[in-house]
Amino acid sequence: MLTVALASLRTRWTALTGTFVALALGVGLIAAMGLGLASTLGAPDRAPQRFAASPVVVMGDDTLTVPVRRGPSTAEVTRKLAHPHPVDIALLRDLRRLGPVTRDDGRTTASGLRGGPDAVGVDAPVAEVRRVVGDRALVLTGDDRRRADPATERDAEGLLTANVLLGTAGGLTAFVSVFVVASTFAFSVALRRREFGLLRTAGATPGQLRRLLLTEAAVVGTLASAAGCVLGGPGAQLLAGLLVDEGMAPSWFVIRPAAWPLHAAFWTGQAVSLAGVWAASRRAGRTGPAEALREADVDTGVLPPVRRLLGFVLLAGAAFLMAKTLAADPSALLKRKTYITQPMVLITAVALLSPLLVHPLTRLVRLPGATGTLVTANTSAALRRTAAVAAPVLITVALAGAVAGSAMTGPAVKAAEAREHTGADLVVTGQGLRVRPVPGATLSASAPTAVYVREEGSALVAFEARAVDDAKALARVGRLPVVAGDIADLDDGSIVVNEEWTQHTVGSTVRVWLGDGRPASLRIAAVLALGTGNNGAYVTRANAPAAAADRIEARLSPGADRAVVEARLRGTGGTVRSTEQWLAATYPSAGPQTRTGLVVILGIALLYTLIALANTMLMAGSVRSSELDALRLAGATRPQVLAVVAGETLFAVGLGALLGLAVAGVQLAGLAAALASVSAPVVVSVPWALMGGAAGACALVAVGAALLPGAVRRRSPRTG
């Protein structure tokens, strides 16, 4: 069987070149992503940077630890404090008696609980330092001193961002490569039905035909997987450089050698190759000897019962996931994990059912002229070819619309929500703003903080919050979406929450831990609508004394001189902008990390689609000689024949783009419904240019590949 398979591959190597390239590229990308993931998971710990010369570091407590229920027992949960405790002045005096104390003034807390820096280095015996410090602060030695480095947390966030992107891109690569390989093998089997019929006539059994195809796939898969693993190493280095340049990974991030990503990529390539050919091999096994004599070019039985059933099951599953998300957690549709993975179920369902959907769509379109009639007739008759072209286009357009549309909708909604929630004319931003009255304007200053709640005794949840100087000014300047209570009632003994909180009844008391870790029992003064997450909690500055104001919203009084107010606001030490300028700067349409992620994810999908289209059209063109020659003999000119081929290709690409647009429309419609359900502005960004560009690239490559065999074919002689 291996000898026959190798001979078959030598004969039709050109038809499998696209499959080999796609599989090798997929394995290379998976290997590169895997090496990147391995490097993020096992990244070496950096040596302490900030107090590297000090054997001991004394640091203020920066975490909150609360016991929660875990089944019949309890466990302690720790959260990072919004306002870490400084090393107080009294402790500094005691430490100086032990030895030299290194103080980093650049990290000194200007308005802490008791003043003083957040950490200091101490050149003294560890035991003596621990005795003096007691429970007033943390004592760090050895590698634990990294905890005082400001870059430690940023590096951890960068590694997590890189990890998420690499994992998502690797999963998408496997997802798309299965489609490309499966569609290529399926179309290849459909073109070889006469060959299989001859083999059956010669005595081949269905099992032998299946084993032949599986052996071919195993050989191609082995060679392509090996080539992909070779490409994985350099690809990972390029990927690491991109992540560092775009700020998605720490500057010291490098790819380290690891064996398991290469093993995983190689065997994934083998599995994808065999999985892609499995269904096609079963169909080949059902080929009868009579297929050797068949000349009809009308495709029949293009949607086997198993494929039809799986397609409808996945379609129902996609509808269930959408309905479940809308009912349980609508805001999840704005999260990257959901809007990237959830559309894949719907895309898979529509791709599986594409032959069933393509046929009625071709019937609805009537193109003018004889060429148009031939285009629609051939498209309807050659459903396998049409579906093989439409399916990869569907994937690319759907991903571009669903993923990019959802990614751009998030910032757009947040900007619209922030615009609705403020009546300010001017906004001042900066660190440690100096708040002072300004004649001719009402000022509402606030600072970032957090509150922590133990919900139902089993979880410690951190909520972002704003600490305000004057609740009445907030009520006048802001237009918060209050569903109960009154913002003006906020005082030092109360809190404003949103509907996400388990307890959100006005007048009830909630037990919380403030941003500096202090416990407090606060009365709920008002409740806000859930929104997209911008509607956080509000407390007074008395409940966040360590928080420094970073935003001042100013509303001009009637008749006030705007220029004079702006000049006075510059004295706060911040940047003064109009509200629209502030919104544009705070909520850009897509940040650099989002853009990089979209380029990687959509670039992979588009590249695979172009390979699949070129391969499909080259295979189709290689077996259409008799059909096109018949058109010539019937009187069609060479330009007319090429117009028919190009028209069929554009028609199939258009059908795929239409199906992709429908899938993206369903995803974005669900997103709009989710925004409405959380009382957020329904502002959905539809990436028309991106979807159009993807469809245009697909059309260009598909038409070029389709015309290539026709362009080089000699003019057939006419019979008189």
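This one's a predicted model, so the numbers in the text were calculated from it and none came from an experiment. (Residues numbered from 1 in each chain as written. Predicted model: local features only at pLDDT ≥ 70, side-chain atom pairs only at ≥ 80, totals over all residues. Heavy atoms only, no water.)

(A) Layout of the packing of aromatic side chains. Under the definition given, this model contains 3 aromatic pairs. Pairing phenylalanine 266 with tryptophan 267 gives two aromatic rings, centres 5.1 Å apart and planes at 90°, and the pair type is edge-to-face. With relative accessibility at 55%, the residue tryptophan 267 sits in the exposed group. With centroids separated by 4.6 Å and ring planes inclined at 20°, the aromatic side chains of phenylalanine 463 and tryptophan 501 adopt a geometry described as stacked. Taken together, the residues span a long stretch of sequence, with phenylalanine 463 in strand E9 (residues 459–468) and tryptophan 501 in the loop between strand E11 (494–498) and strand E12 (509–513) at a distance of 38 residues. The two residues phenylalanine 463 and tryptophan 501 agree in class, both being buried. Lying over the aromatic face of tryptophan 513, arginine 511 brings its terminal NZ or CZ to 5.6 Å of the ring centre. (Phe/Tyr/Trp six-rings, centres within 6.5 Å; stacked < 30°, edge-to-face > 60°. Buried < 20%, exposed > 50% of the residue type's maximum accessible area, 1.4 Å probe, protein only. Helix = DSSP H or I, 4+ residues; strand = E, 2+ residues; numbered from the N terminus. Lys NZ or Arg CZ within 6 Å of the ring centre and 35° of its normal.)

(B) The arrangement of the sheet that holds strand E4 (residues 101–103) in detail. Spatially, E4-E5-E1-E6 is the arrangement adopted by the 4 strands of the open sheet, whose pairing is antiparallel. Both edges of this open sheet fall to E4 and strand E6 (138–141), since each of them pairs with a single strand only. Across the sheet, the mean angle from the axis of one strand to that of its neighbour is 30°, orientation sign disregarded. Across 3 bridges, E4 lies against strand E5 (residues 119–122) in antiparallel orientation. Bridge pairing links threonine 102 to glycine 121 in E5. (Pairing = 2+ DSSP bridges. Axes fitted to C-alpha atoms, helices over the stretch in contact; angles between N-to-C directions.)

(C) Summary view of a nonpolar patch on the surface. A grouping of Phe312, Leu315, Leu356 and Leu357 is seen on the molecular surface, where their side chains present a nonpolar patch of about 290 Å² in accessible area. Mapped by element, the contributors of at least two residues to the nonpolar patch are helix H9 (305–328) and helix H11 (354–364). Note that leucine 356 resides in helix H11. (Patch = residues over 30% accessible without salt bridge, like charges linked within 9 Å, V, L, I, M, F, W, Y side chains within 5 Å. Areas by Shrake-Rupley, 256 points an atom, 1.4 Å probe, with all protein chains shown as cover. Salt bridge = Lys/Arg side-chain N within 4 Å of Asp/Glu carboxyl O.)

Shape descriptors only; they carry no functional weight alone.
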